[in-house]
Amino acid sequence: MKKIFILAAVALMGFASCAGSKQSMTVTVTNSLALERAGEMVEVPMSDVTAKLQLADTAQIVVLNEDGQQVPYQVTYDEKVVFPATVKANGTATYTIQSGTPEPYNVIACGRYYPERLDDVAWENDLGGYRAYGPALQKRGERGFGYDLFTKYNTTEPILESLYAEELDKEKRAKIAELKKTDPKAAAELQNAISYHIDHGYGMDCYAVGPTLGCGTAALMAGDTIIYPYCYRTQEILDNGPLRFTVKLEFNPLTVRGDSNVVETRVITLDAGSYLNKAVISYTNLKEAMPVTTGIVLREPDGKVVADAVNGYITYVDPTTDRSGGNGKIFVGAAFPAQVKEAKVVLFEEKEKKERGGADGHVLAISEYEPGSEYTYYWGSAWDKAAIKTVDAWNAYMAEYAQKVRTPLTVAY
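Residues numbered from 1 in each chain as written. Predicted model: local features only at pLDDT ≥ 70, side-chain atom pairs only at ≥ 80, totals over all residues. Heavy atoms only, no water.

A. Here's a closer look at the overall build of the protein. If you tally the helices and strands in the protein, you get seven helices and 28 strands. Summarising its shape, the C-alpha atoms of the protein cover approximately 70 × 55 × 40 Å along the three principal directions. Surface accessibility of the protein: about 18,200 Å² in total, with carbon and sulfur atoms responsible for 49%. (Helix = DSSP H or I, 4+ residues; strand = E, 2+ residues; numbered from the N terminus. Areas by Shrake-Rupley, 256 points an atom, 1.4 Å probe, with all protein chains shown as cover.)

Rendered as structure tokens:
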């Protein structure tokens, strides 16, 4: 089991010198909703922690709950202490930050750049996995515009590294090529044994993206026309566990209203314990306000969809790549902290349906993007073979999640 000492980087950050200090910092987290908030990440700037505690350069800290038990935490790339807080409905919870030796903690949210798999960037937490396609895929001519996802169950440990290792095993792939000439059945069996498109007990890739927005990608719109983003141009992993994964993706210039130099940047964050990623999108060199949409591809024209602009979320039940039902159902959704202008289903005409790999359309949440601003939303998925079993349970989760991002926990110290 992969572990990390969660303050490994803290000693490098140059605390103010005051050796032997026993000071502590009380952090009060308040929940103003009539919903319990369980395991939700809160943030405290590291600069405030160091100023308050006045620790020596080599000192370490711990975060304690009200029972004096250590709470796992992480120091992020933007110098914040993040830790999971649990707060009762309309209640408060108190945490203490003080000097101490942190316990080792399992890595839950993590990811990697996979140049060996056409420049995928893939990441996961305890509940699911995701990937963004890279320049090698685009160079090959494939049109993968949206995010892909990996289902996950029966474990909270990272699985993507092992899935990729098996899928890309050179010796086994060479063996498959040999067997195809002499024993096609054995070749197929070995192919299935290493494929991440087959469930081997922990999850799989059974989601179809193609030339669509996949499971929650954002895009500018020219009128009613989506300006599809292609694969990312550059990637930088900013946080890599144990509790938070963050990646920054920059894209090739888009042509928008005659301007061919509009560059999109995405910062995507996935926290332990959440079904949804946070995405912060910005566009440089955009000269005027434009509609921006978040879309989920529809693989059934009459599929189960929620498009709720007022309450700020959209959902869809995806049939997976196995329409017989053997792979179960994937619940996909997006939630929005700011007011959504419009949420709706848009079905493709037959010509566009062919261009979009047979997809039936999108469920879209449309907002307005102002030049120089950031467009923030949350997107993700669940699998009915794991904890969330029904569409009603998923829609309830998404409705509550939308409330939470519109009424975040407040932190005082």
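The discussion continues.
B. Quick peek at the sheet that holds strand S26 (residues 361–369). Judged by pairing direction, the sheet is antiparallel, and its five strands sit side by side in the order S15-S14-S21-S26-S25 without closing on themselves. Of all the strands in the sheet, the pair left with one neighbour each is strand S15 (225–227) and strand S25 (342–347). Averaged over all neighbouring strand pairs, the angle between strand axes comes to 40°, with direction disregarded. In terms of strand pairing, S25 meets S26 through six bridges, oriented antiparallel. Within S26, the position partnered with Glu342 by the bridge is Ile366. (Pairing = 2+ DSSP bridges. Axes fitted to C-alpha atoms, helices over the stretch in contact; angles between N-to-C directions.)

C. Highlighting the packing of aromatic side chains. On inspection of all chains with the given rule, the structure shows 22 aromatic pairs. Between Phe83 and Tyr95 the ring centres are 5.2 Å apart and the planes differ by 55°, which places this aromatic pair in the tilted class. Highlighted residues: Phe83 in strand S7 (residues 80–87) and Tyr95 in strand S8 (residues 92–99), separated in sequence by 12 residues. We note that Phe83, like Tyr95, is buried. On the basis of an interplanar angle of 70° and a centroid distance of 4.9 Å, the ring pair of Tyr153 and Trp383 is categorised as edge-to-face. Linking Tyr153 in the loop between strand S13 (148–150) and helix H3 (160–167) with Trp383 in strand S27 (residues 375–383), this pair joins segments that are 230 residues apart in sequence. Overall, Trp383 belongs to the buried group, its relative accessible area being 3%. (Phe/Tyr/Trp six-rings, centres within 6.5 Å; stacked < 30°, edge-to-face > 60°. Buried < 20%, exposed > 50% of the residue type's maximum accessible area, 1.4 Å probe, protein only.)

D. Main features of helix H1 (residues 46–53). Buried within H1 are the following residues: Met46, Val49, Thr50 and Leu53. One side of H1 carries all its buried residues, which in axial view fall inside an arc of 95°. (Arc of directions from axis to C-beta.)

E. Quick look at the sheet that holds strand S4 (residues 61–64). Pairing within the open sheet is antiparallel, and its five strands lie in the order S5-S4-S8-S2-S28. At either end of the open sheet lies a strand with only one pairing partner, and these are strand S5 (70–71) and strand S28 (410–412). Pairing geometry for S4 and S8, over four bridges, is antiparallel. When the bridges of S8 are listed, Val62 appears paired with Gln98. Seen against the sheet, H1 touches strand S2 (24–30), S4 and S8 and runs at an angle of roughly 140° to S2. (Contact = heavy atoms within 4.5 Å.)

F. Structural detail: the pattern of salt bridges. Within the structure shown, the criterion is met by 22 salt bridges. Of the charged contacts, one joins Asp148 and Arg131 as a salt bridge, the two residues approaching to 2.9 Å between their closest N and O atoms. Of this pair, Asp148 sits in strand S13 while Arg131 sits in strand S12 (residues 129–132); the two residues are 17 residues apart in sequence, bridging distant segments of the chain. Arg131 matches Asp148 in its accessibility class, with the two residues each being buried. (Salt bridge = Lys/Arg side-chain N within 4 Å of Asp/Glu carboxyl O.)

G. The domain arrangement of the protein, seen in detail. Domain annotation for the protein reports domain 1 (24–105) and domain 2 (110–156 + 205–411). Put simply, the middle of domain 1 and the middle of domain 2, counted by C-alpha atoms, are 30 Å apart. Listed by partner, the interface residues are 25 residues for domain 1 and 19 residues for domain 2. Between domain 1 and domain 2, a total of about 1,900 Å² is buried, with carbon and sulfur atoms accounting for 62% of that surface. Taken as a group, Met41, Gln74 and Tyr77 account for 32% of the area that domain 1 buries against domain 2, more than any other trio of residues on that side. Across the contact surface, domain 1 and domain 2 share one salt bridge. Put simply, Arg244 and Glu43 hold a salt bridge, and the shortest N to O gap is 2.8 Å. Our enumeration of links across domain 1 and domain 2 arrives at eight residue pairs in polar contact (both at pLDDT 80 or more). With seven residues, strand S3 (residues 37–45) is the single largest residue contributor to the side of domain 1 that touches domain 2. The class makeup of the residues in the side of domain 1 that touches domain 2 is 14 nonpolar, seven polar and four charged. (Domains from an automatic or database assignment. Buried area = accessible area lost by both parts, 1.4 Å probe. Polar contact = N/O pair within 3.5 Å; in protein donor to acceptor, adjacent residues only side chain to side chain. Nonpolar A, V, L, I, M, F, W, Y, C, P; charged D, E, K, R; others polar.)

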